[in-house]
Amino acid sequence: MAALGWLTPRRRSATARSVLAGEASAEAARKSTTDVLDREGAGAEPEFPVHGDERAAAFFDLDNTVMQGAALFHFGRGLYKRKFFDTRELLRFAWQQTWFRLAGVEDPEHMQEARDSALSIVQGHKVAELQAIGEEIYDEYMAERIWPGTRALAQAHLDAGQKVWLVTAAPVEIAQVIARRLGLTGALGTVAESIDGVYTGKLVGEPLHGPAKAEAVRALAAAEGLDLSRCAAYSDSHNDIPMLSLVGHPYAINPDSKLRKHARAMDWRLRDYRTGRKAAKVGIPAAAGVGAVAGGTAAVIAVHRRRR
């Protein structure tokens, strides 16, 4: 059943800072990407996505939807390797990542700590420097953690001639690297303030999380001339229900318990790649099943206890 949230006025939970963060992310995404060329699909056309529907697009959450684990953590590992910060900070990142992987949900306090640490670490560094490092970190830590099943879903939209965007709380520069490496159209991510190409240690608005993601999708859809009722969105987290509710084709991928319950109540489509099992209501392209077993959960990193 298609979600009808996109027909309703903006939710009250979207604060002015959420709107600012969403609009800034949409603007950054449009400036950094070019249109994707239409690709011809092979064989019979699937019912969804609709081939050649240029007013449709797909929006994918990143952490635990497209990629196992949190992009910000993997980025932190790469910065540690390059001596941007010390071992104590790395252990904190490791604990946050382990909790995230085991619990399967985002902890607001952990997320805030990770963002604050990342901002302090990059303050004073050049944007171009972090973009170059992001390319290296993708190869070192992220490429092997892409869920094959979700990647196939994104490819189905691309093969139908539609644009595909990542939507994530991770820094937009890192999100853009991942999107480019996966052959996607672009990315919406958290925008860190920079002056003359140097990070100030502040954000534009707030992290692209929860309602801010919905605002980013709304702003991008308006700028691109998209019909949200014909668009799709994919996420693992109940925090992304505002974004999922905007589109006509919401999908719960590797869902946490709250999202699974909500998706079933709303008759949204489900897919879980963590164990290879298929949800009762699939209704997605057959290509999405490729690699479902191969995309099982990677080994959880060793747990380090923080000593204060």
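Note: the structure precedes this text.
### Let's talk about the overall build of the protein chain
Part 1: A count of helical and extended segments in the protein chain gives 10 helices and eight strands.
Part 2: The buried share of the protein chain, reckoned over its 308 residues, is 53%.
Part 3: Considering only intrachain contacts with a sequence separation of at least 6, the fraction spanning at least 24 residues in the protein chain is 66%.
Part 4: Of the roughly 14200 Å² of accessible surface on the protein chain, a fraction of 53% belongs to carbon and sulfur atoms.

### Side note on the sheet that holds strand 1 (residues 57-61)
Part 1: Read across the open sheet, the six strands follow the order 3-2-1-6-7-8; overall the sheet is parallel. In this open sheet, the two strands that pair with only one neighbour each are strand 3 (186-190) and strand 8 (269-271). This sheet shows a mean twist of 20° between the axes of neighbouring strands, independent of strand direction.
Part 2: Bridging between strand 1 and strand 6 (residues 232-235) involves three bridges; their strand directions are parallel. Bridging across to strand 6, Ala58 finds its partner in Ala232.
Part 3: The sheet strands contacting helix 7 (residues 172-181) are strand 2 (163-171) and strand 3, and the helix crosses strand 2 at an angle near 145°.
Part 4: Set on the sheet, helix 8 (residues 211-224) makes contact with strand 1, strand 2 and strand 3; between it and strand 2 the angle comes to about 145°.

### As for helix 8
Part 1: Its 14 residues give helix 8 an end-to-end C-alpha distance of 20 Å, which sits within 8% of 20 Å, the value for a rise of 1.5 Å per residue.
Part 2: Residues of helix 8 that are buried: Ala212, Lys213, Ala214, Glu215, Ala216, Val217, Leu220 and Ala221.
Part 3: Downstream of helix 8 by a residue or two, Gly225 has a phi angle that is positive, lying close to 70°.

### Let's talk about helix 2 (residues 71-81)
Part 1: Most of helix 2 is tucked away, with eight of its 11 residues classed as buried.
Part 2: Residues of helix 2 that are buried: Ala71, Leu72, Phe73, His74, Phe75, Gly76, Gly78 and Leu79.

### Observations concerning the environment of Arg55
Part 1: Along the chain, the position of Arg55 falls in the loop between helix 1 (16-32) and strand 1.
Part 2: For the pair Arg55 and Asp227, spaced 172 residues apart in the sequence, the C-alpha separation amounts to 5.5 Å.
Part 3: Contacts of Arg55, omitting those with residues within four sequence positions, involve Gly225, Leu226, Asp227, Arg230 and Cys231.

So, how was this worked out
- The residue numbering used here restarts from 1 in each chain and proceeds along that chain's sequence as written.
- Note on the predicted model: pLDDT of at least 70 is required for a residue's local features to be given, and 80 or more for side-chain atom pairs to be given and counted; whole-chain, interface and lining totals, by contrast, use all residues.
- Note that the side-chain values use all heavy atoms of the structure and ignore hydrogens as well as water.
- A run of H or I in DSSP counts as a helix once it spans at least four residues, and a run of E counts as a strand once it spans at least two, with each numbered from the N terminus.
- Residue exposure (1.4 Å probe, protein chains only): buried if accessible area is under 20% of the type maximum, exposed if over 50%, otherwise partly exposed.
- In what follows, residue pairs with any heavy atoms lying within 4.5 Å of each other are defined as contacts.
- All accessible areas in this document rest on Shrake-Rupley with a 1.4 Å probe, and a residue is counted as covered only by the protein chains that are shown.
- At least two DSSP bridges between two strands are needed for those strands to be called paired.
- Axes here mean lines fitted to C-alpha atoms, for a helix over just the part in contact, with angles spanning 0 to 180 degrees between N-to-C directions.
- Multiplying one less than the number of residues by 1.5 Å gives the expected span of a helix.

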